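Listed below are the residues making up each chain.
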Amino acid sequence: DYLRTLAKRFPLDLRRVVLVGHSAGGQLALWLAARRNLPRQSQLYSKDPLPVGGVVSLAGITDLRSFSVGSAYCNASVAPLLGGTPEEVPERYAQVSPIELLPFGVPLRLLRGSLDPIVPIEQSARFATRAQDTGDTAEVWLIEGAGHFDLIAPFAPAWTRVERAVVS
């Protein structure tokens, strides 16, 4: 939303904003595009969020409920961040988990490395299917031979696919 303020000083085209985020940042990028779906009584509700043209999620976490039950270090960080498990604070998960805020109404590109050991491919596949079922345009782009961090390394072969996703 602060881009509106910056656009008063800089030549920004607010009609062409694309959100990009990696891993937990992918969850945040998706959430920003979806927050118009938050209930008005939510503390996270914004009356007039900046409209976006699309989202490119790079190995993004799309479902915090399912991700929180994993056994890796990253998975174990979800419950402390949200103040409890999905059973203890279901309303918090409902307000921050992108898969629970569909439809978004913007094109969604979910880029995944085939060798990503951190965020399971099922996160993107399940999200894309549910997004399409709600009428959204969602595509999973699997990048063969790429790991979790290759998607954010401009020198990695995967980078051209990231650029292509943003432009699309």
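Residues numbered from 1 in each chain as written. Predicted model: local features only at pLDDT ≥ 70, side-chain atom pairs only at ≥ 80, totals over all residues. Heavy atoms only, no water.

Further remarks concern helix α7 (residues 121-133). When the terminal C-alpha atoms of α7 are compared, their 19 Å separation across 13 residues agrees well with the 18 Å that a helix rising 1.5 Å per residue should span. Within the span of α7, buried status applies to Gln123, Ser124, Phe127, Ala128 and Ala131. The buried side chains of α7 occupy one side of the element, clustering within an arc of 115° when seen end-on. Where α7 is buried, its residues touch α2 (24-34), α3 (64-67), β3 (108-113) and β4 (138-143). Where α7 ends, the next residue or the one after it, Gly135, has phi of about 100°, a positive value. (Helix = DSSP H or I, 4+ residues; strand = E, 2+ residues; numbered from the N terminus. Expected span 1.5 Å × (residues − 1). Buried < 20%, exposed > 50% of the residue type's maximum accessible area, 1.4 Å probe, protein only. Arc of directions from axis to C-beta. Contact = heavy atoms within 4.5 Å.)

Our next topic: the pattern of salt bridges. Within this structure, the stated rule accounts for 6 salt bridges. Across the salt bridge formed by Arg65 and Glu100, the nearest N and O atoms sit 2.4 Å from each other. You can see Arg65 sitting in helix α3 and its partner Glu100 sitting in the loop between α6 (90-96) and β3, a full 35 residues away along the chain. Glu100 gets classed as partly exposed once you look at its relative accessible area, which sits at 29%. Between Arg109 and Glu139 there is a salt bridge whose closest N-O contact spans 3.7 Å. Linking Arg109 in strand β3 with Glu139 in strand β4, this pair joins segments that are 30 residues apart in sequence. (Salt bridge = Lys/Arg side-chain N within 4 Å of Asp/Glu carboxyl O.)

Purely geometric numbers; function is a separate question.
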